[in-house]
Amino acid sequence: MSVRHIPSNAALALLSAPLMLLSACGEAPPAGPAPLSEEALAAVTKKAGAPREELAREVDELFNAEGIGETRAVVVMADGELAAERYGEGYDADTRHISWSMAKTVTAVMVGMLVADGRLRLDEAAPVPMWQRPGDPRAEITLRQLLQMRSGLRHTEAGDPPYESSEVRMLFLDGRDDMARWAKEQPLEAEPGETFEYSSNTTVILADIATRALTESDDPDRRRTAVSEYLSERLFDPLGMDSMVLEFDASGTMIGGSLMHATARDWAKFGEFLRAKGRAPNGERLVPRRYVEAMVTPSPASPHYGLQTWLNRPMGDAGSDFPHPLFPDRAPASLFSLIGHMGQYVLVSPEQRVTLVRLGHSTSEERPPMLEQAADVLALYPVR
């Protein structure tokens, strides 16, 4: 007999029996995901390159998940198109965000352009007159070793107490008026090329070398002008990075290891430029392809670091004292990144054709789960 022939009260009891059984077992029907807000859905464009609702949800988690800090801006580029863009309260597309150490990769590109111009050479002694005095072992340091953070100089990025660190002393204490000179004065603590030691001081030396390749003047204003005009004409203008603001110390040296400011969109443009191996959107080559490839090639002393650029490779012995800054178990080994203090990231995955910018404020405890969420965003895009 079919259900429609059973009296109504009996049919109701028969249909409700499975639900009563689940209730008796303490189990409720599985709940679906919470509805997405209009803000979350509006963040994703029609050119998402991934399931739009899934991308909206994963980006939303970067703003609202517990324990990952404050996300201020997210931009996702897929296949060269804007896939998603969202900002935290008080921030928008015109907000300039501080780079912190993301600036190091910009400085590396400047060095690469000067190498292409014939003004600098990677594998010759770094052109630092102070080191060329007879008997000075620092004369063996090459430009490539500086770029790979294996100069051997006594540059301690983080100290205990913090004011004893080389970075803090250079930026804010006895080195602040002439940062490059202070950094160059430090002695060796290891053989050049032997040991990886991440150092903002090293990048300021690179910025000074680049400046001296452009002008012989010691006048601070002329030094600032030479660098600003070179980077604007050769890099920022061709990329449409109109928001970029550079900071300089009192001697006119670009603080190339930590203090540049740009919008999230402009940071994404820079990531896309590197994904294109040094070409601007119009096809113009701004830096040699082989130089960009060198930037993302592991150095002999650090498989997770190239030329002022972090790599998504296992760290090996070079990383025994600190956690990996990326996620080699979650994304292609070809992924590389600009990384800045307190959670600034430009993640570039060439095999997925994706650039993900995340800017904000996350503590050392909050960064690992935040990075896992960023990896969830990237996981929506297939390797090609």
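See above for the structure.
Residues numbered from 1 in each chain as written. Predicted model: local features only at pLDDT ≥ 70, side-chain atom pairs only at ≥ 80, totals over all residues. Heavy atoms only, no water.

So, on to the sheet that holds strand β3 (residues 97–98). One open sheet holds the 3 strands; their spatial order is β3-β5-β4, and the pairing between them is antiparallel. The open sheet has two edge strands, β3 and β4 (245–246), and neither has a second partner. One ladder, built from 2 bridges, connects β4 with strand β5 (residues 260–262); its direction is antiparallel. Residue pairing across strands places V245 opposite H261, the latter belonging to β5. In this fold helix α10 (residues 264–275) packs onto β3 and β5, with an angle of close to 105° to the strand it touches most, β5. (Pairing = 2+ DSSP bridges. Helix = DSSP H or I, 4+ residues; strand = E, 2+ residues; numbered from the N terminus. Contact = heavy atoms within 4.5 Å. Axes fitted to C-alpha atoms, helices over the stretch in contact; angles between N-to-C directions.)

Let us now look at the pattern of salt bridges. Taken as a whole and assessed by the stated rule, the structure comprises 24 salt bridges. Measuring nitrogen to oxygen at the nearest pair gives 2.9 Å for the salt bridge that ties R223 to D208. With a gap of 15 residues between them, R223 in helix α9 (residues 220–239) and D208 in helix α8 (residues 200–214) connect regions that are remote in the sequence. Take D208: its relative accessible area is 3%, and that puts it in the buried class. In this structure, R224 and D221 form a salt bridge, with 2.5 Å as the shortest nitrogen-oxygen distance. (Salt bridge = Lys/Arg side-chain N within 4 Å of Asp/Glu carboxyl O. Buried < 20%, exposed > 50% of the residue type's maximum accessible area, 1.4 Å probe, protein only.)

Next up on the list: the side chain of R358. Counting through the fold element by element, R358 comes out in strand β9 (residues 354–361). A polar contact is formed between the side chain of R358 and the backbone oxygen of E70, at a distance of 3.2 Å. A distance of 3.1 Å separates the side chain of R358 from the side chain of T71, its partner in a polar contact. Excluding anything up to four places from it in sequence, R358 contacts I68, G69, E70, T71, A73, V74, M342, G343, Q344, Y345 and M370. (Polar contact = N/O pair within 3.5 Å; in protein donor to acceptor, adjacent residues only side chain to side chain.)

Packing of helix α4 (residues 103–116) against α9 brings their axes to within 11 Å, and their N-to-C directions diverge by 85°. Overall, the two elements α4 and α9 adopt an arrangement that is roughly perpendicular. Within the contact between the two elements, α4 uses V106, V109, M110, M113 and L114 and α9 uses V227, Y230, L231, R234, L235 and F236. (Parallel < 35°, antiparallel > 145°, perpendicular 65-115°, else oblique.)

Take the packing of aromatic side chains next. Enumeration according to the criterion identifies 6 aromatic pairs in this entry. Where F196 meets W310, the ring centres are 6.3 Å apart and the plane angle is 80°; that geometry is what we call edge-to-face. Residue F196 is located in the loop between α7 (179–185) and α8, and its partner W310 is located in strand β6 (residues 310–311); the two are separated by 114 residues in the primary sequence. Comparing F196 with W310 shows no difference in burial state: the two are buried. An angle of 45° between the planes, with centres 5.7 Å apart, marks the rings of F270 and F273 as tilted. You can see F270 and its partner F273 sitting in helix α10, 3 residues apart, about one turn around the helix. (Phe/Tyr/Trp six-rings, centres within 6.5 Å; stacked < 30°, edge-to-face > 60°.)

It is worth spelling out the nonpolar core at this point. Judged by nonpolar contacts, the single largest core of 72 residues is most densely connected at L235, W267 and F270. For this core, the element with the highest residue contribution is α4, accounting for 8 residues. Ranked by size, the runner-up nonpolar core spans 39 residues in total, among them A48, V59, L347 and L378. (Core = buried A, V, L, I, M, F, W, Y, C linked by side-chain atoms within 4.5 Å.)

This brings us to the side chain of T142. In this structure, T142 sits in the loop between α4 and α5 (143–147). T142 sits in the buried class, given a relative accessible area of 14%. Residues contacting T142, with those up to four places away along its chain left out, are L122, D123, E124, A125 and A126.

Now for the sheet that holds strand β7 (residues 336–340). With respect to topology, 6 strands assemble into an open sheet ordered β2-β1-β9-β8-β7-β6, the strand pairing being antiparallel. Two strands bound the open sheet, and with one partner strand each, they are β2 (81–87) and β6. Here β7 runs beside strand β8 (residues 344–349); their pairing, made up of 5 bridges, is antiparallel. Its bridge partner being in β8, G340 is matched across the sheet by Q344. Packing against the sheet, α10 makes contact with β1 (70–78), β2, β7, β8 and β9, and its axis sits at approximately 145° to β9.

Bringing a negative patch on the surface into the picture now. A grouping of E229, E233, D237 and D242 is seen on the molecular surface, where their side chains present a negatively charged patch. Counting through the fold element by element, E233 comes out in helix α9. Overall, E233 belongs to the exposed group, its relative accessible area being 56%. (Patch = residues over 30% accessible without salt bridge, like charges linked within 9 Å, V, L, I, M, F, W, Y side chains within 5 Å. Areas by Shrake-Rupley, 256 points an atom, 1.4 Å probe, with all protein chains shown as cover. Lys, Arg positive; Asp, Glu negative; His and termini not counted. Charge placed at Lys NZ, Arg CZ, Asp CG, Glu CD.)

Relative to the helices and strands, G193 is located in the loop between α7 and α8. With 52 residues separating them along the chain, G193 and I141 place their C-alpha atoms 7.6 Å apart.

Attention now moves to the pairing of β7. Summarising burial for β7: 5 of the 5 residues are buried, a large majority. Sheet analysis places β6 next to β7, joined by 2 bridges and oriented antiparallel. Across the sheet, residue W310 finds its bridge partner in β7, namely S337. Hairpin connection, β7 to β8: the antiparallel pair is bridged by 3 residues, and M342 has positive phi, about 65°.

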